[in-house]
Each structure stands twice: as structure tokens, then as C-alpha cells.
Amino acid sequence: MVEDVVLKFKDLHKQLVVAPSSTSYNKLIAYCCDSFKVHVAIDIVDHMCEAGLALSIEMLHSILRASEESFEFNLVHRVYSVICHQSLEPNCETFGIMINLHVKMKDFDGAYDLLKEMKERNLPHTTSIYNAIMAGYFREKNIYGGLMVLKQMEDAKVIPDSRTFCYLLNHCEREEDIIKYYEKLKCAGVQMTKQVYMALINAYASCGLFEKAKQVVLDKGVPNKSLNEIKSALASALAIHGQISDAFDIYEEIKDSGFNLVPKAIIPLIENYQSEGKLTRLLQLLEELHDPDYHVEGCCRVLLYCVRYNHLSTAIDLLRRLKDTFHVHDNELAMQATLEEVFCQIAETEPVNLKIGLDLLTAIKEELGLRPSRKSLDFLLAACVNSKDLNNARVIWKEYKAAGFTHNVLSLLRCIRPFWLVETTSLPQPYSAEYQKMILMFAVSSRHVKQLMQSPLKSKEKKKKEKMEEGNDSNDLKEFGKEGVS
């Protein structure tokens, strides 16, 4: 544990009655950053400041990078505070990392404040800094914001690079825009990298210009060493935009050339090849995913396909494979999240295929030795509600207790909903007796829950009363008719 190392570090210096040096602190901070214990690293920086030890801007760079890698973007504020209070001189790299962290927090105002400070310090604005801001706007689907950054680059006389044009091309909505940015790219003398070719393919495919997307791979400037990656990008783009047959043509072309589709491109083929009766080909694609991370993602996609089209045995085999993979990496949460996604799909698919959900629940417990999470049971209970299946709602209700979960208000509301549905449609008396029993059992849970459980019974009484009143009105009309005739 990092905390134990820090404690031993302090105790050792205390025993030796020696004050830690800047070099010792720097090594300890580097160890904390490598372990992604960024809070601990910044605490050590605070100790150095209190001890009057010198800080280096490079050391703060390592903390900023660790903040980004550990997704603790907000720690940029603490680092910036240290820079200001210790009168350190940040450079372009410092500002670049800090601006990127602000963008990732969606704090564009903070990013632009840092840009202004760079100008005040006479530090040049770099293309990579503007690229980071542009990418942030595009991630937020703010096309106007992204294009505004391009205008700011032109005003600041900052030359865009290939990455800039990749961002722009990837977010074109019209062919005219593709042509415009491609021309600007050539005028700026930007090299046609493989990323630019891929961006062109994605741009044409997004605009429905599939033939032009295919023409990109025939360009004489495409480097041979990148041809397979660029063709893979074409197959991926075609699959994503519904041209699955053409995507597989490219896939077969790559195979015939003695190459394999890159793993990243296989996932869209699996995800979009979702017609019934395609399991064999999906499993073939899955076997071509040798990268561990992509293989897990592919397994999850094929698993959802199996659940959708009722391939129970294959679904169980894939779950077993995922369990073994996650066990090696000691990642039980990932397995739990996968199961929750499966049961979520069962609950949301219409018509509800409750049988495969119940069969999977049995297999998960008996064959895989896993315990379903509360969320998984919630999804199954929701599936029972959607299919108005009272008997299986009772079964799932008992599973909460078997799994060691107490009944919370959410699961209670889900469970009573099928009773609420049937109680409003005048089902036989035994249902009413069971419903009344549930009211007594859970009356202590919540006053609002109790009111909701009683509402179907009140609704039935109200409907009965309205029906009687309608009968009386009908008799009055008949009497009125008789009087009119006479």
C-alpha cells in the first residue's frame, strides 16, 4: 500500500532525526504517481512547501499526468494553486496539460482563462492546445464550439495540423464541408497521414456517400504499410452506417490478401450484424479477436445477441468464458456489470422473453456458481412487470431473500406493480387475498408504498360505484323515453 510506504518514510526519517530532502520527496512523489495515488502525492507537495523545500515544475507535470490517467481531473486546481503560491514558472507544457484537464471537466471557461494567462506570460499558443479544446467541444456534440476554435486558431495565426483536420472531417455533416476542409488541409501543406484517410472515410460514410468512402482506399497516396488499417476503418464505417453487406465484402477482401481485420474494426461488425440466424459468423468473428480487451467486448456483444435470439447454451458458454477471464484479472465487478447488461436487455426488449431470463438466472447460480446482483434481480422483476407475469414475479421476489438482499422500496414497488395491474382488471379472488397479505406485510416499509398498494382496491371500488351510477343514469333515460312517447 502506498500509504504504508509513506508512513514508513516518515517514521524512518523521524527515527534517524533527519529531515527528508527534496530528492527523497521527489522519489516518493514519483512512486505515488506511478501507483495513481495522486491525492497522496499532492499532500507530500504540501509538506515540501511547509518545509521550505524547492519544487520543480517537472515534478508537478508528473502529478498532472497522473491526475489525467486516474481520471481525477479536478486535482488540476490544487496543482495550479501550488504553482501560484510558490511563484513557479509554468511553461507551455504545463499550460497544455492543465488546459486539457479543464476541457475534460467540461470547464471551457477555465481552459480559456489559462489561454489568456499564457498570452500574459508571453508563452506561444500551440496547435495541440487548440486541438484539445476543439476535441472537447466535439465530444460534447457542440459543433459550433469546435468550429469556433478553428476561427480562433486562424486569428492567433496558429497553423492547424493533421489532428485538427481529423477532428473537423470526423464531424462534417455535408459533402461541401468535407471538400472545404480537405482543400484547407492541402493548402496548409498538411501531410496525409493514415488518420486523415480514416477521417475522410468516416466523413463520407456519415454523409451517406458510401461509394466515395470506398474510393479513399484507392488513393495513390495511401501508404502500403497502412493499407490494412485504412481498409479496416472502411469496413467499420460501412458497418456502423448500416452497409453490413459491403462491410463484409471489405472483410473478405482483407482476408483474401492474407491479413486480418484490426480488432477495433471487428467490434462494429459484431454489433451491427444482428439479424437472426447469424450466430455462426458472429462466433467466427469473435475467434479472430486475440486482443484481450477487444475479445471481452466482443464476447459481451455476442452474448447479448444470444440472449436476444434465444441461444441459451451459447450464452452460458460465453458467460463461462467471461467469468474465467475476469477471475484471472480479479475483476468481479466487470462480471457483475456484464450480467446486469444482459438482464437489462431482457427487461427492455419487446416482447419480453422472460423464459431465457429465468433460465440464465438458474445457470448463473447452479452452473457458474455466481450470485446475481440486486440490480440484475431488479431488471428481472421489471421483466415480470412488463409481461404481467404474477407467478414469476413471486419467484424473483423470493430470489432477493435467497441472495441475501433486504427488500427496499424500489424492489417492493416493482413487485407490487403486477399485482396492481391484475387487481384493476377484476381477476379471481385469490389474487385479492394475496394482495391484502402483501399490504399487511409491507405496511411498515413506507406510508407512500402502503397508499400505492391500496390504490388498486380503491380503484376497483370507484369503478364499481361508477358502474352503478351509469346503471341508474341508464334507467333514468329509459323512464325519460317512456314519458316522451306517451
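Residues numbered from 1 in each chain as written. Predicted model: local features only at pLDDT ≥ 70, side-chain atom pairs only at ≥ 80, totals over all residues. Heavy atoms only, no water.

### Thoughts on the pattern of salt bridges
The final tally for this structure, using the stated rule, is 25 salt bridges. One salt bridge connects E253 with K231, and the closest N-O pair in it is separated by 2.7 Å. Placement of the pair is E253 in helix α15 (residues 244-256) and K231 in helix α14 (residues 227-240), with a sequence separation of 22 residues. Judged by relative accessible area, which is 37%, E253 ranks as partly exposed. A salt bridge links E297 to R301, with the nearest nitrogen and oxygen atoms 3.2 Å apart. Residue E297 and its partner R301 are both found in helix α18 (residues 292-308); the two are separated by four residues, about one turn of the helix. Judged by relative accessible area, E297 falls into the partly exposed class, the value being 30%. A single salt-bridge network, built from bridges that share partners, covers D43, D46 and R78. (Salt bridge = Lys/Arg side-chain N within 4 Å of Asp/Glu carboxyl O. Helix = DSSP H or I, 4+ residues; strand = E, 2+ residues; numbered from the N terminus. Buried < 20%, exposed > 50% of the residue type's maximum accessible area, 1.4 Å probe, protein only.)

### Some details on the nonpolar core
Formed by 140 residues in total, the largest nonpolar core has its most connected members in I63, I133 and L360. With near-sequence residues (within four places) excluded, L360 lies in contact with V307, L312, A315, I316, L319, V342, F343 and I346. (Core = buried A, V, L, I, M, F, W, Y, C linked by side-chain atoms within 4.5 Å. Contact = heavy atoms within 4.5 Å.)

### What to know about the side chain of N100
Residue position: N100 is located in helix α6 (residues 92-104). When residues no more than four places from it in sequence are discounted, the contact partners of N100 are E68 and A132.

### What about α6?
Given a rise of 1.5 Å per residue, 13 residues ought to cover 18 Å, and the 18 Å separating the end C-alpha atoms of α6 matches this to within 8%. Within α6, the full set of buried residues consists of T94, F95, G96, I97, M98, I99, N100, L101, H102 and V103. Looking at the packing, one finds that the buried side of α6 touches α4 (57-69), α5 (76-85), α7 (108-120) and α8 (127-139). Capping of α6 at its N-terminal end is provided by N91; its side-chain oxygen lies 3.1 Å from the backbone amide nitrogen of E93. Just downstream of α6 lies K106, where phi reads positive at about 65°. (Expected span 1.5 Å × (residues − 1). Polar contact = N/O pair within 3.5 Å; in protein donor to acceptor, adjacent residues only side chain to side chain.)

### Points about the packing of aromatic side chains
Within this structure, the stated rule accounts for six aromatic pairs. Centre to centre, the rings of F71 and F73 are 6.0 Å apart; their planes meet at 70°, and the pair counts as edge-to-face. The interplanar angle of 55° and the centroid separation of 4.8 Å between the aromatic rings of Y305 and Y309 together place this pair among those described as tilted. Assessed through its relative accessible area of 0%, Y305 is described here as buried. (Phe/Tyr/Trp six-rings, centres within 6.5 Å; stacked < 30°, edge-to-face > 60°.)

Coordinates in, geometry out; function isn't part of it.
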